[in-house]
Amino acid sequence: MSQNHIQEFREELKEFHEMTKKFYQKDINIAQYKQFSGGFGSYAQRGGNSSMLRLRFAGGEIPKEQLLFIAESIEKYKISLVHFTTCQSVQLHNLSEAQVCALVEEAFSHGIITRGGGGNYPRNVMCSPLSGVQKGEYFHVLPYAKEAADYLLGFINTVKLPRKLKVAFSNSPENITHATFRDLGFAATKQGTFDVYSAGGLGREPKMGALVASDTNPSHVLYYIKAMIDTFVAYGNYENRGKARTRFMQETLGTEGYIKAYQEKLAQAFAQEKLDLELADAKITKQGDGNALHHPRAVPQKQDGLYAVYYHPIGGSPSPEFFRSLYNAILPMEEVVLRVSPDESLYIINLTSREAEKILALTEDGARTFFETSVSCIGASICQIGARDSQSLLKACVERLRKENLPDHTLPRIHISGCPSSCSGHQIAPLGFRGGVKQTPEGPRPAFAVFEMGCEREGRESFASELGIMLESDIPEFLAELGKEIAACGMTYETFVRKRHDDFLTIVQRYL
């Protein structure tokens, strides 16, 4: 990250301290504070008695020295909750006024920027978590994501956007970053180029991205970002916040009209700017130790003899003590870095087989099955706008399903959002849940809308269909019944819903 950015944003922290003090003194309310504090990556939690801080890591990559900062901060401030987000950031929760003010300063000192972590700003740039090490990837896209992240920081104080802007890079059709339906997405191709998608997104009235350019030279990505900024400023809705995300420009201009408008701004960017990138792909020089490792959470890298270990803490929230233990473990290991994944998991990459065995032992407390890698937003116990406690629901589901001891992959990874914002990506999930309320003879009760058959994979993207409303208390039992039926058929969830969809719907209907 540019030192100019760090110095520029550091000078603004005085105002953050002043506004945070006013909020905790009750001189301003939650809404007034949120409008300001979000731009510094901090929000008041539900109830207004504590704060969270979002640490941005471009492409989700965390080097050892920044892991050490997280570990030391957790110990210094006795932080009780840490959460990996679906935008590859790390959130620190339950902070006091003094703690959040100190941490935002100290993070900057360690090269971790929080500016633009919330609010109407360019957000953390996302990237496929195994970029550069994944077998079968089209090419290494992380260097471009990092350049994009640094470039976007320069707009925070120079351009007023209608709403937030999310940019993503994908290295394969796996499309875990949702590059084909973000505000701006770069999807790698077999030819070593990018297809560029724009004005997509989840949430209210979701939209697939419009293909605005094909077979793009990776060295030109900053021109496409400049065009996105200019198009958003020119045609974004500054009057109605509910219509201010980029996807609504496809409505106001029409998809073809939007593509034309974007390409006009792109032509201007190429004519007026000098933004070509010349990047050298840093090679991994580390060698394996000659031993092979076979473990469901050890992913062989394309570098012979090296592995990435996958760790998914339930709900994306590892124990606070984990960060110190992990740092101590990887400190002597050469070239080892962390990558936060958009499914609220962590990859520890560039490990020899013996090193991977140590990390596997350290991360045994994580998900035991594919179902347990399910994704949940932080939930209404913390989030101001959340309707339901999605984290509690996920824990209840995991506890109930563990009693059944079903074969792995019997049930899918579910996505649970506490509200329509789709922070968990429930709208793109094979089975998703969105928080709400169900009217019953006894009155309104906590409930979730149920979604099915979403898909994020490039070329097969589809939004999930809503099936109805299910009481929160019934969801664990619904999943148990569904899982037992699928296991009795000897199928996986994917096969079951494809071949016996009517049977699936029959089970769902009993709980709606």
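The structure we're discussing is the one just above.
Residues numbered from 1 in each chain as written. Predicted model: local features only at pLDDT ≥ 70, side-chain atom pairs only at ≥ 80, totals over all residues. Heavy atoms only, no water.

### Details of the overall build of the protein chain
Each helix and strand in the protein chain was counted, giving 15 helices and 19 strands. Relative to a compact globule of 512 residues, whose C-alpha radius of gyration would be 24 Å, the protein chain shows 22 Å and is just as compact. A principal-axis box enclosing the C-alpha atoms of the protein chain has dimensions of 65 × 60 × 50 Å. A buried classification covers 59% of the 512 residues belonging to the protein chain. With an accessible surface of roughly 20800 Å², the protein chain has 48% of that area assigned to carbon and sulfur atoms. Looking at the protein chain, you have 57 positive and 60 negative side-chain charges, and the mean spots of the two groups are 3 Å apart. (Helix = DSSP H or I, 4+ residues; strand = E, 2+ residues; numbered from the N terminus. Rg over C-alpha atoms; globule rule 2.2 N^0.38 Å. Buried < 20%, exposed > 50% of the residue type's maximum accessible area, 1.4 Å probe, protein only. Areas by Shrake-Rupley, 256 points an atom, 1.4 Å probe, with all protein chains shown as cover. Lys, Arg positive; Asp, Glu negative; His and termini not counted. Charge placed at Lys NZ, Arg CZ, Asp CG, Glu CD.)

### Let's talk about the sheet that holds strand β7 (residues 167–170)
The strand order across the open sheet built from five strands is β6-β7-β8-β9-β10, with neighbouring strands paired in mixed fashion. Two strands close off the open sheet at either side, each with one partner strand: β6 (126–127) and β10 (210–216). Contacts from helix α9 (residues 255–272) reach β8 (184–188), β9 (194–198) and β10 within the one sheet, and its direction differs from that of β10 by about 45 degrees. (Pairing = 2+ DSSP bridges. Contact = heavy atoms within 4.5 Å. Axes fitted to C-alpha atoms, helices over the stretch in contact; angles between N-to-C directions.)

### A few points about the nonpolar core
L55, V90, F323, L326, I330 and I348 are the most contacted members of the largest nonpolar core, which has 58 residues in total. Contact partners of V90, with chain neighbours within four places excluded, come to L53, R54, L55, F57, I62, V82, H83, F84 and V340. (Core = buried A, V, L, I, M, F, W, Y, C linked by side-chain atoms within 4.5 Å.)

### Observations regarding the side chain of R388
Note that R388 resides in the loop between β15 (375–376) and α12 (390–402). Within polar-contact distance, the side chain of R388 engages the backbone oxygen of G436 at 2.7 Å. Aside from chain neighbours lying at most four places away, what touches R388 is G379, A380, G418, G435, G436, V437, P446, A447, F448 and E472. (Polar contact = N/O pair within 3.5 Å; in protein donor to acceptor, adjacent residues only side chain to side chain.)

### Section: the pattern of salt bridges
Pairing between side chains becomes possible if they bear opposite charge and their charged atoms approach one another. Taken as a whole, this structure holds 25 salt bridges when the rule is applied. Here E106 ties to K76 by a salt bridge, and the two come within 3.1 Å at their closest N and O atoms. With E106 in helix α5 (residues 97–109) and K76 in helix α4 (residues 64–77), this residue pair connects regions lying 30 residues apart in the sequence. In this structure, the salt-bridge partner of R500 is D503, at a minimum N-O distance of 2.7 Å. Exposure remark for R500: the relative accessible area of 27% places this residue in the partly exposed category. When salt bridges that share partners are traced, they join R204, E205, K207, K243 and E251 into one network. (Salt bridge = Lys/Arg side-chain N within 4 Å of Asp/Glu carboxyl O.)

### As for the packing of helix α13 (residues 475–488) against helix α15 (residues 501–509)
Two numbers describe how α13 lies on α15: the axes approach to 10 Å, and their chain directions differ by 155 degrees. As summarised for this structure, α13 and α15 are arranged roughly antiparallel, according to the angle between their axes. With respect to the hand of their crossing, α13 and α15 are arranged in right-handed fashion. Contact residues: α13 offers F478, E481, L482 and E485, while α15 offers F504, I507 and V508. Classifying every residue of the contact of α13 with α15 gives five nonpolar, no polar and two charged. (Parallel < 35°, antiparallel > 145°, perpendicular 65-115°, else oblique. Left-handed = near helix turned anticlockwise from the far one by under 90°. Nonpolar A, V, L, I, M, F, W, Y, C, P; charged D, E, K, R; others polar.)

### Some remarks on the side chain of S345
Following the sequence through the fold, S345 ends up in the loop between β13 (337–340) and β14 (346–351). Using a relative accessible area of 0% as the deciding quantity, one classes S345 as buried. Reaching out from S345, the side chain makes a polar contact with the side chain of H312 at a distance of 2.5 Å. Within the local environment of S345, its side chain forms a polar contact with the side chain of D343, the two groups lying 2.9 Å apart. In this structure S345 touches F84, Y310, Y311, H312, R339 and V340, once residues within four positions along its chain are discounted.

### So, the pairing of β9
The side chains of a regular strand alternate, first on one face of the sheet and then on the other. With respect to burial, β9 is a largely interior element, five of its five residues being buried. With burial as the criterion, each face of β9 is covered, one bearing F194, V196 and S198 and the other bearing D195 and Y197. The pairing of β8 with β9 spans five bridges and is classified as antiparallel. Residue pairing in the sheet places A187 in a bridge with D195 of β9. Here β8 hands over to β9 after five residues, with G192 in that stretch at a positive phi of 80 degrees. Note that β9 and β10 share four bridges and pair antiparallel. Residue pairing for β10: Y197 is matched across the bridge by L211.

### Description of the packing of aromatic side chains
Summed over all chains, the structure comprises 21 aromatic pairs. Measuring from ring centre to ring centre gives 4.2 Å for Y223 and F270, while their planes differ by 15 degrees; the resulting arrangement is stacked. A residue pair is termed long-range when its members are at least 10 positions apart, and Y223 in helix α7 (residues 221–235) and F270 in helix α9 qualify at 47 residues. Residue classification places F270 among the partly exposed residues on the basis of a relative accessible area of 33%. By the ring-pair criterion, three or more aromatic residues cluster together here, those being F139, Y144, F169, F186 and F194. (Phe/Tyr/Trp six-rings, centres within 6.5 Å; stacked < 30°, edge-to-face > 60°.)

### What to know about the pairing of β7
With burial as the criterion, each face of β7 is covered, one bearing V167 and F169 and the other bearing A168 and S170. Bridge analysis of β6 against β7 gives two bridges, and the strand direction is parallel. Looking at β7, one finds that M126 is bridged to A168. Since β6 and β7 lie parallel, the crossover through helix α6 (residues 142–153) that links them has a hand, and here it is left-handed. Here β7 runs beside β8; their pairing, made up of four bridges, is parallel. Paired with F169 across the bridge in β8 is F186. (Right-handed = clockwise from strand over helix to strand, strands pointing away.)

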